[in-house]
Amino acid sequence: MEKEKGSVHARRFIAYLVLIILTVLCLVWFYILIINATRSKNDLRVNGFSAIPSTHLMENLNNLFHGTQPVLRGMLNSIIVAGCSAFLGTYFSTMTAYAIHAYRFKGRKFIYTFILAIMMIPTQVSALGFVDLMRKMKLMNNFIPLIIPSMAAPVVFFYMKQYMDSNLPGSLIEAARIDGASEFHIFNRIVVPLMKPAISVQAIFTFVSSWNNYFIPSLILKDENMKTLPVLIAELRSADFLKFDMGQVYAMIAFSIFPVIIVYLFLSRNIVGGVTAGGVKE
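Residues numbered from 1 in each chain as written. Predicted model: local features only at pLDDT ≥ 70, side-chain atom pairs only at ≥ 80, totals over all residues. Heavy atoms only, no water.

Enquirer: How should I be thinking about the pattern of salt bridges in this particular structure?
Expert: Side chains carrying opposite charge are able to pair once their charged atoms draw close together. In this structure the tally under the stated criterion is 7 salt bridges. One network of salt bridges, with partners in common, ties together Glu174, Arg177 and Glu183. (Salt bridge = Lys/Arg side-chain N within 4 Å of Asp/Glu carboxyl O.)

Here it is, written out as structure tokens:
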């Protein structure tokens, strides 16, 4: 009995130790980012790495907000694109997964396999055709090409389908139909609340993915006032070497991650339940 208790305590100690190490490894990069945002251009270039913060944070932020790039406008653009992408992507992917889960129709398995196969196609393969199509539709320099395609998210669909297979019994749907509820009522009033943990998880992932997206926005958005933060950061980073201010770049990156942290904190209470429940079969 004593040996079993000792073994349990040892395993628990090792588990906590590993978790602490992983936490430190995840957070140390944020710490370095914040520290570098407080340092000047010359300090970063001459002294390299430092674990001690400096006093140039306000100077870097002042240079950032009073520079040539519309940083606040870029922040608003990123919030609009990422927010709409997260909402539409999770809602319609959940609706698609519900259709595959709840209905039995011819071609159902083929559609499911086809959607999963789309996940294997890299974005770069279809980028030129996509940009050419947007140019013909006169949607260049517009948020629509960045938001509407996010409604069809195969990865989100797959996760939602797996979650429904584990946590959405068919008997519940049938009971709602017998009570006379319409399909949209069942989906919005019964399915969506039950899927809240999974929706929260995928909303975080979709928001972060859209927020960090650089490739497609750099091809679509040309007007400075329409560009998102990743595009503006890349432009700031690729400036002339003599005018390049690394402290300003770090300040801009630190500024750009705050909305992501806020979204995560707002939805994080559901993330553990959403991740673990999807892997449990009835």
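Enquirer: Sorry, what's going on with helix 10 (residues 183-194) here?
Expert: One full turn of an α-helix is made of 3.6 residues, so residues set three or four places apart face in the same direction. Taking 1.5 Å per residue as the helical rise, helix 10 with its 12 residues ought to reach 16 Å, and the 15 Å between its terminal C-alpha atoms agrees with that figure. For helix 10, the full list of buried residues reads Ile186, Phe187 and Val191. Projected onto a plane normal to the axis of helix 10, the buried residues spread over an arc of 90° and lie on a single side. Those residues of helix 10 that are exposed and angled more than 90 degrees off the buried face are Phe184 and Arg189. In this structure, the buried residues of helix 10 make contact with helix 4 (71-102), helix 8 (154-167) and helix 9 (170-178). (Helix = DSSP H or I, 4+ residues; strand = E, 2+ residues; numbered from the N terminus. Expected span 1.5 Å × (residues − 1). Buried < 20%, exposed > 50% of the residue type's maximum accessible area, 1.4 Å probe, protein only. Arc of directions from axis to C-beta. Contact = heavy atoms within 4.5 Å.)

Enquirer: Teacher, can you tell me more about the nonpolar core here?
Expert: With 24 residues, the main nonpolar core has Tyr98, Met160, Met164, Val191 and Met195 as its most contacted residues. For this core, the secondary structure elements donating two or more residues are helix 4, helix 5 (108-118), helix 8, helix 9, helix 10 and helix 11 (196-212). Sort the elements by how many residues they give to this core and helix 8 lands first, with 6 residues. For methionine 164, the residues in contact, after removing those within four places along its chain, are Thr94, Ala97, Tyr98, His101, Val191 and Met195. Residues Leu64, Trp211, Leu236 and Val260 belong to the second largest nonpolar core, which totals 15 residues. (Core = buried A, V, L, I, M, F, W, Y, C linked by side-chain atoms within 4.5 Å.)

Enquirer: Explain the confidence of the model for the chain to me, please; I cannot follow it from the model alone.
Expert: The predicted coordinates of low-pLDDT regions are not to be read in fine detail. Per-residue pLDDT for the chain has a mean of 84; in total, 90% of the residues score no lower than 70. Per-element confidence in the chain is highest for helix 7 (residues 144-147), whose mean pLDDT is 93, and lowest for helix 15 (residues 271-277), whose mean pLDDT is 53. pLDDT under 50 marks residues 276-282. Its contacts with residues more than four places away, or in other chains, come to 11 contacts. (pLDDT = per-residue confidence, 0-100.)

Enquirer: Please explain the layout of surface pockets as it appears in this structure.
Expert: Its boundaries defined by the atoms lining it, the largest pocket holds a volume of some 1100 Å³. Together, 37 residues line the largest pocket, and Thr123, Pro149, Ser150, Ala152 and Pro154 are the ones closest to its centre. Of all the secondary structure elements, the ones that give two or more residues to the lining of the largest pocket are helix 4, helix 5, helix 6 (123-136), helix 7, helix 8, helix 11 and helix 12 (215-220). Split into classes, the residues belonging to the lining of the largest pocket amount to 25 nonpolar, 12 polar and no charged. (1 Å grid on protein atoms, 1.4 Å probe; cavity = no way out; pocket = protein on both sides within 12 Å on 5 of 7 lines; lining within 4 Å. Points joined across faces, edges and corners; volume = space filled by probe spheres on them. Nonpolar A, V, L, I, M, F, W, Y, C, P; charged D, E, K, R; others polar.)

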